[in-house]
Amino acid sequence: MAREFEVVSNPQFRNMHVFLVRMLSRTPHMHAELEAGFVLRGSAALRMGGQQYALNVMDGYWINPLEAHEFRAEAQDAIILAIQISPRLLESFFAETPPVRFQGGPLLRRAIADDAQYRALFALCAALARAYLERPPHYEY
C-alpha cells in the first residue's frame, strides 16, 4: 500500500484550509497540518494507528500533524467538512506553547462528552466553513 504526503494549495489563507469533500476512499496519507472534520452525509471508516473508527453523520474527528490516516466510505460516498490548520497559525498566537497534539484517539465525541458543547463546536466549524467558502465582506476576520 503506497503512502502519500498531501500538500493542499490554499490561495485564501496561508495557514488554514477549509473544504468539503465527497469521499469514497482516500489512500493512506499524511500532511503537516492538523485536521478537524465532521461527517455531513453518509458514513466512513477512519483508519489510523492500526485502529479503525466508524464515523457517521455529525461525528467529528481530529488528526494530529504528520499522522498517517486513510478514509473509506461505507455503503456510498460520504460528505466530509474538513478544516486543516497549519501549526504555524497556532505558533503565531501561542509562541511559548509546545506543538498541539491530541491524545486519546481521533474521535471528538470522546474528548467532548457534553452534547451542548459538542454541538456548539460543530456549529462554529460550520459557520467557519460557510464564511470561508462564501467569502462575505470582511470574512477574513
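Everything that follows concerns the structure shown earlier in this document.
(A) Spatial organisation of helix α3 (residues 115-134). The first and last C-alpha atoms of α3 sit 28 Å apart over 20 residues, in line with the 28 Å expected at 1.5 Å per residue. Contacts made by the buried residues of α3 are with β2 (16-23), β4 (34-41), β7 (60-63), β9 (78-85) and α2 (108-111). N-cap assignment for α3: the residue whose side-chain oxygen lies 3.3 Å from the backbone N of A116 is D114. Directly after α3, the chain includes R135, whose backbone phi takes a positive value near 55°.

(B) Representation of the environment of I63 within the structure. Take I63: it is sitting in strand β7. Residue I63 is classed as buried on the basis of its relative accessible area of 0%. Once you skip the residues sitting within four places of it in the chain, I63 turns out to touch E33, L34, E35, L46, M48, H69 and F71.

(C) Quick look at the environment of D77. Position of D77 relative to the elements: it lies in the loop between β8 (69-73) and β9. Along the chain, D77 and S43 lie 34 residues apart, while their C-alpha atoms are 7.7 Å from each other. In this structure D77 touches R22, M23, L24, R41 and G42, once residues within four positions along its chain are discounted. A polar side-chain atom of D77 sits 2.4 Å from a polar atom in the side chain of R22.

(D) Up close: the packing of aromatic side chains. In total, this model carries three aromatic pairs according to the counting rule given. Pairing F38 with Y118 gives two aromatic rings, centres 5.9 Å apart and planes at 75°, and the pair type is edge-to-face. In this pair, F38 is assigned in strand β4 and Y118 in helix α3, connecting sequence segments 80 residues apart. The pair formed by F38 and Y118 is uniform in burial state, with each residue classed as buried. The ring of Y118 has R109 lying over it, and the distance from NZ or CZ to the ring centre is 3.8 Å.

The rules behind each value
- Residues numbered from 1 in each chain as written.
- Predicted model: local features only at pLDDT ≥ 70, side-chain atom pairs only at ≥ 80, totals over all residues.
- Heavy atoms only, no water.
- Helix = DSSP H or I, 4+ residues; strand = E, 2+ residues; numbered from the N terminus.
- Expected span 1.5 Å × (residues − 1).
- Contact = heavy atoms within 4.5 Å.
- Polar contact = N/O pair within 3.5 Å; in protein donor to acceptor, adjacent residues only side chain to side chain.
- Buried < 20%, exposed > 50% of the residue type's maximum accessible area, 1.4 Å probe, protein only.
- Phe/Tyr/Trp six-rings, centres within 6.5 Å; stacked < 30°, edge-to-face > 60°.
- Lys NZ or Arg CZ within 6 Å of the ring centre and 35° of its normal.

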